[in-house]
Amino acid sequence: MKPVKPESGPAPGPGGAQQTRPAGPAHGSPAQVWTALTIVYVVWGSTYLGIAVTVRSLPPLVSMGLRFFVAAAVLATFLLLRRGRGALAVTRAELRGAALVGVLLLGVGMGMVTMAEQYVPSGVAALIVSIMPVWVVLLRTVTGDRPRLVTWLGVAVGFAGM
């Protein structure tokens, strides 16, 4: 990411050095936004079909492990080519957090879905997973958090779309 100067002029940082902030996200045209959403819907939606195909020939957790390994290799290669070796540097705390999330995502989340798809159709698995936002909003409500009306409306629209 290329640093840019603040619009209101340079602000001195620690030791009098000029601070810069990274550029914010670029806003695309409506066509670009819809194209990106369509790609996400197709790729994400085909995940469950892909899982159904792979569990016919590979053990469930092996197939997920290979999937995540390939994704990590592709992303690491992209970062190395784009930003150099420093882009892959992480602290021990970041590594621990990433490992925890990875184990939970791979082993518990997608791992269990993959194991379940040996016994249920991929469409049913996708529908069960897609109800997660409903559970999140309900659990937030039960624990004392008060989701805004727009959150409830968004979840309701998504649920109706299922």
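Small disclaimer: the values here were computed from a predicted structure and weren't measured. (Residues numbered from 1 in each chain as written. Predicted model: local features only at pLDDT ≥ 70, side-chain atom pairs only at ≥ 80, totals over all residues. Heavy atoms only, no water.)

> For this particular structure, what's the right way to read the overall build of the protein?
Looking only at helices and strands, one finds 6 helices and 4 strands in the protein. Each helix and strand of the protein, ordered N terminal to C terminal, gives the series β-β-β-β-α-α-α-α-α-α. Within the protein, the fraction of its 162 residues that count as buried is 11%. Accessible area of the protein: about 12600 Å², with a carbon and sulfur share of 72%. (Helix = DSSP H or I, 4+ residues; strand = E, 2+ residues; numbered from the N terminus. Buried < 20%, exposed > 50% of the residue type's maximum accessible area, 1.4 Å probe, protein only. Areas by Shrake-Rupley, 256 points an atom, 1.4 Å probe, with all protein chains shown as cover.)

> Just to check I follow, could you spell out a nonpolar patch on the surface for this structure?
Taken together, the side chains of M132, W135, V136, L138, L139, L149, W152 and L153 make up a nonpolar region of the molecular surface, amounting to roughly 810 Å² of accessible area. When contributions to the nonpolar patch are tallied by element, the ones reaching two or more residues are α5 (132–142) and α6 (149–161). With respect to the helices and strands, the residue W152 is situated in helix α6. (Patch = residues over 30% accessible without salt bridge, like charges linked within 9 Å, V, L, I, M, F, W, Y side chains within 5 Å. Salt bridge = Lys/Arg side-chain N within 4 Å of Asp/Glu carboxyl O.)

> For this particular structure, what's the right way to read the layout of surface pockets?
In this approach the atoms are scanned with a rolling probe the size of a water molecule, which exposes any empty space left behind. Each pocket or cavity is described by its volume, and for the largest pocket that value is around 450 Å³. If you trace the largest pocket, you find it lined by V40, Y41, W44, G45, T47, Y48, R67, L105, M110, A126, V129 and S130. Breaking the lining of the largest pocket down by element, the ones donating at least two residues are α1 (30–54), α3 (92–116) and α4 (122–130). Looking at the lining of the largest pocket, the element that brings in the most residues is α1, giving 6 residues. Class assignment of the residues belonging to the lining of the largest pocket gives a composition of 8 nonpolar, 3 polar and 1 charged. (1 Å grid on protein atoms, 1.4 Å probe; cavity = no way out; pocket = protein on both sides within 12 Å on 5 of 7 lines; lining within 4 Å. Points joined across faces, edges and corners; volume = space filled by probe spheres on them. Nonpolar A, V, L, I, M, F, W, Y, C, P; charged D, E, K, R; others polar.)

> Could you clarify how one ought to interpret α3 in this entry?
For an α-helix the count is 3.6 residues per turn, leaving residues at separations of three or four pointing the same way. In this model, α3 (25 residues) spans 34 Å end to end at C-alpha, consistent with the 36 Å of a helix rising 1.5 Å per residue. At M110, α3 shows its largest kink, close to 35°. Each element contacted by the buried residues of α3 is listed here: α1, α2 (60–83) and α4. (Expected span 1.5 Å × (residues − 1). Bend = angle between axes of the 7 residues up to and from the residue. Contact = heavy atoms within 4.5 Å.)

> Help me understand the side chain of S63, please; the structure alone is not making it clear to me.
Residue placement: S63 occurs in helix α2. One polar contact links the side chain of S63 to the main-chain carbonyl oxygen of P60, over a distance of 2.7 Å. Apart from the residues within four sequence positions on either side, S63 is in contact with T54, L58 and T114. (Polar contact = N/O pair within 3.5 Å; in protein donor to acceptor, adjacent residues only side chain to side chain.)

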